[in-house]
Amino acid sequence: MDSRLPYDRLWAVRLRSCSASLSEVEPGGNDWSRSALTISRRAGPARQFPTRPARPGAPAAAPVPLSAAPPWPDDSDPQFWDRIRDQFYIKPGEAYFNTGTIGATPRPVLERVIEDMRTLQATITRWDWSPNMPNWISGYSPEVALRAKLAKLVNADASEIALIQNATMGMNFLAHGLDLKAGDEIISTNQEHPSGVCGWQMRAKRDGVIWKPITMPVPANDPDEIVHLYEQAITPRTRALSFPHIISPTAVVMPAKRLSALAHDHGCLAVVDGADGIGQVKLDMKDIGCDACFSSPHKWLLAPPGNGMLYIPREKQDRFWTTLDSSEWDNHKDGMYRFMQCGTGNMSLLAALDAAIDFHNRIGPERVRARIKFLADRLRTGLQQIPSARISSPVHPELAGGIVVHRLEGVPAQKLQDELWLRGQLRVRSVGDALGVRQSCMIYNSEGEIDSTLEIVKALRATPA
Ligand SMILES: Cc1ncc(COP(=O)(O)O)c(C=O)c1O
């Protein structure tokens, strides 16, 4: 192996060395399951991939072998979305509607992580720390190329993006890194995901900062009302307006651009919890004009868990101290590299983030968003025809996204969740009786699955709990 390879060839080299090392153990082998078996036979008795330990009483999951992704469909293929669905491990006949918690990982993305980890193990002796050698661990390297690729997706610059582990980490960097004193106020909503707000609550307890939540309407169907609620709460002591781009339990796509402008009109920072935005709706940092945004690409961008994004525009970066430090903690030249000082991490997860962005771009961000909207609109429209169905998420076109939260009068949310699974193998998530179930519509869902949802809701209406 050439030990002076240019940095930007890092991934190509790792992939090449992977197939080379695999064909050493099994000539011509590019079938990952067979190769893995061959490797384990050399090490000892043949072994299947281990099953995950089941919770007591839960049926054990059968091992699922790795398999190559089916061919990619032509753009004009009338079955385009069915073929895209084949790119996932989701079983035929089952439907996954919980992308709001975590996205299903596409086969090429999952296989990239595994392939990359195997490459590492097979070539670890060759890592000689020479300057242009591919890096085998994350946590100490700037990863400019990948940051630039992610930045392009959200209309930012690489130097404005830090690769972190999830939204929670981003939120905590912001809440703990900002100079605040007793009596300073932070305004957010009463519908925050804990990870979007607990950092502020901790500052309230530790430093006497005042955390002020506004009460969101349910359902929220008036963007002006939301902006007005924030406006009314601002005082001369307000330092930041903090809000989710998409609210976790009620799925409101907040008027982020208007709220950011409102913050600036009052000399405050606009801090956006963008956990659910990236991949679901257009996330354009320059257009929104916020001062910080953190996101979880493992949701709608379909990267594996362990990947996060933190954005702070150049001119605001020095407002935030780092709170997790290693050698580059004080490097203010490369913008956000300071926030990537996490210590040894799994580089293969970054390879998978790279693959997830490729997957997303291969379909096309606009086509993805249009599909999500089409499915969610179909669900909203169908629910509106069912007399005792209630939609707790917005239907207003500016506030509605890919998640629909709905309930059925007289039916507990958990029962609705369970019935959708038992009758239709549709996996949604209960968010409590007041709101119902949260149904995240994603590219691996189909019109048929939406229609099954509506049929089951109708049937349940006829035979309530
Ligand atoms: C709005 C919102 N914020 C923050 C989080 C936390 O994200 P993570 O667990 O990836 O850190 C979530 C997760 O569901 C969320 O929906």
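What counts and what doesn't
- Residues numbered from 1 in each chain as written.
- Predicted model: local features only at pLDDT ≥ 70, side-chain atom pairs only at ≥ 80, totals over all residues.
- Helix = DSSP H or I, 4+ residues; strand = E, 2+ residues; numbered from the N terminus.
- Buried ≥ 20, exposed ≤ 12 C-beta atoms within 10 Å, placed from the backbone.
- Contact = placed C-beta atoms within 7 Å.
- pLDDT = per-residue confidence, 0-100.
- Pairing = 2+ DSSP bridges.
- Axes fitted to C-alpha atoms, helices over the stretch in contact; angles between N-to-C directions.
- Near = placed C-beta within 6 Å.
- Nonpolar A, V, L, I, M, F, W, Y, C, P; charged D, E, K, R; others polar.
- Left-handed = near helix turned anticlockwise from the far one by under 90°.
- Expected span 1.5 Å × (residues − 1).
- Right-handed = clockwise from strand over helix to strand, strands pointing away.

1. Some details on the overall build of the chain
- Helix and strand counts for the chain stand at 14 helices and 13 strands.
- For the chain, with 465 residues in total, the buried portion stands at 43%.
- The contacts of the chain with a sequence gap of at least 6 include a subset with a gap of at least 24, amounting to 68%.

2. Structural notes on the confidence of the model for the chain
- Averaged over the chain, the pLDDT score is 88; the fraction of residues at 70 or greater is 85%.
- Throughout residues 1-54 the model reports pLDDT below 50, and contacts reaching past four residues in sequence, or to other chains, amount to 61 contacts.

3. A closer look at the sheet that holds strand β5 (residues 238-244)
- The mixed open sheet is built from 7 strands, whose spatial order is β2-β8-β7-β6-β5-β3-β4. Looking at strand neighbours, the two that pair on one side only are β2 (161-164) and β4 (210-214), the edges of this open sheet. Between one strand axis and the next, the sheet turns through 20° on average, direction left out of account.
- As paired elements, strand β3 (residues 185-189) and β4 share 5 bridges and run parallel to each other. Bridging from a neighbouring strand, S188 pairs with P213 of β4.
- Together, β2 and β8 (308-311) form the strand contacts of helix α5 (residues 144-153), whose direction differs from that of β2 by roughly 110°.

4. Observations concerning unusual backbone geometry
- The omega torsion of the bond from V218 to P219 falls at -10°, within 30 degrees of zero and hence cis.
- The topology assignment puts P219 in the loop between β4 and α8 (223-233).
- One non-glycine residue, N155, adopts positive backbone phi at about 55°.
- Summarising the element assignment, N155 is placed in the loop between α5 and β2.
- Of the residues examined, N155 has 14 C-beta atoms within 10 Å and is grouped as partly exposed.

5. What about the site of the ligand?
- The ligand sits among 13 residues. The nearest are N166, T168, H193, A275 and S296.
- The residue makeup of the shell around the ligand, split by class, is 3 nonpolar, 8 polar and 2 charged.

6. Some points on the sheet that holds strand β10 (residues 403-408)
- In spatial order, the strands read β9-β10-β13-β12; together these 4 strands make up an open sheet with antiparallel pairing. The sheet is open, and its two edges are formed by β9 (389-391) and β12 (429-430), each paired on a single side.
- Examined bridge by bridge, β9 and β10 share 3 bridges and lie antiparallel to one another. Bridge pairing in β10 places I391 opposite H406.

7. What to know about the pairing of strand β7 (residues 292-295)
- Burial along β7 is two-sided: the residues A292 and F294 and C293 and S295 are all buried.
- Inspection of the sheet shows strand β6 (residues 269-273) paired to β7 by 3 bridges, in the parallel sense. Looking at the pairing, V272 lines up with C293 of β7.

8. Focus: the environment of D325
- Considering the arrangement of structural elements, one finds D325 in the loop between β8 and α11 (347-363).
- Separated by 18 residues in the primary sequence, D325 and G343 have C-alpha atoms spaced 8.6 Å apart.

9. Brief notes about the packing of helix α13 (residues 413-424) against helix α14 (residues 447-462)
- Interhelical geometry of α13 versus α14 gives an angle of 115° and a closest axis separation of 10 Å. In this structure, α13 meets α14 at a crossing whose hand is right-handed. For the pair α13 and α14, contact is made by E419, L420, R423 and G424 and by S452, T453, I456 and L460, respectively.
- Considered class by class, the residues forming the contact of α13 with α14 number 3 nonpolar, 3 polar and 2 charged.

10. Describing helix α4 (residues 107-123)
- Between the first and last C-alpha of α4 there are 24 Å, a value that for 17 residues agrees with the 24 Å anticipated at 1.5 Å per step.
- Residues of α4 that are buried include every one of V109, L110, R112, V113, E115, D116, T119 and L120, and no others.

11. Points about the pairing of β3
- Buried residues dominate β3, accounting for 5 of its 5 residues.
- Both faces of β3 are covered, namely the face carrying E185, I187 and T189 and the face carrying I186 and S188.
- Once the chain exits β3 it traverses helix α7 (residues 194-207) before rejoining the sheet at β4, and the crossover so formed is right-handed.

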